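Descriptive analysis of the structure
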Amino acid sequence: MRRPVGGSRFLYEPFDYGSAKVIEANERVVNLQFEGIDARLNRIEAVMERLEKRLWLTVYGVVGTILTQALNSILTITPNGGP
């Protein structure tokens, strides 16, 4: 823009760079924050799935051990020789 000769410097339009760029920068920051939160939630979800698998494996192991002990006690009570 060509500056006219004479007059006040306050007669020119103000340079409105701040508001649009600040909003754009804030939107980018918010997007980055949401991407970070999404990545953290995905990692937490994967950890929870692994933990759930371990939990079920433990439950099946305990049930298997109890059934094995019950079967073992039944076999020791029953006489081996017939009537």
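Quantities reported herein were computed from a predicted structural model and do not represent experimental measurements. (Residues numbered from 1 in each chain as written. Predicted model: local features only at pLDDT ≥ 70, side-chain atom pairs only at ≥ 80, totals over all residues. Heavy atoms only, no water.)

As a further point, take the overall build of the protein. Summing up its helical and strand segments, the protein has one helix and zero strands in all. Taken across its 83 residues, the protein has 0% of its residues classed as buried. (Helix = DSSP H or I, 4+ residues; strand = E, 2+ residues; numbered from the N terminus. Buried < 20%, exposed > 50% of the residue type's maximum accessible area, 1.4 Å probe, protein only.)

On to the pattern of salt bridges. Using the criterion set out here, one finds one salt bridge in the structure. Here Glu24 and Arg28 are joined by a salt bridge, their closest N and O atoms 4.0 Å apart. Of this pair, Glu24 and Arg28 both sit in helix α1 (residues 18-77), four residues apart, roughly one helical turn. (Salt bridge = Lys/Arg side-chain N within 4 Å of Asp/Glu carboxyl O.)

Moving on, we come to the packing of aromatic side chains. Inspection of the entire model under this criterion finds one aromatic pair. Between the aromatic rings of Trp56 and Tyr60, the centroid separation amounts to 6.0 Å while the plane-to-plane angle is 35°, which identifies the pairing as tilted. Of the two residues, Trp56 and Tyr60 are both situated in helix α1; the distance of four residues between them amounts to about one turn of the helix. (Phe/Tyr/Trp six-rings, centres within 6.5 Å; stacked < 30°, edge-to-face > 60°.)

Let us look at the UniProt feature "transmembrane region" (unreviewed entry) in the protein. When the UniProt feature table is mapped onto this chain, "transmembrane region" (unreviewed entry) is found at residues 55-77. Secondary structure across residues 55-77 divides into 100% helix and 0% strand, with the first and last C-alpha atoms of the span separated by 33 Å. (UniProt positions renumbered as here; feature names shortened; annotations may be inferred.)

To continue, consider a nonpolar patch on the surface. A cluster of nonpolar residues, Val30, Phe34, Ile37, Leu41, Ile44 and Met48, forms a patch on the protein surface that exposes about 580 Å² of accessible area. Within the secondary structure, Phe34 is located in helix α1. (Patch = residues over 30% accessible without salt bridge, like charges linked within 9 Å, V, L, I, M, F, W, Y side chains within 5 Å. Areas by Shrake-Rupley, 256 points an atom, 1.4 Å probe, with all protein chains shown as cover.)

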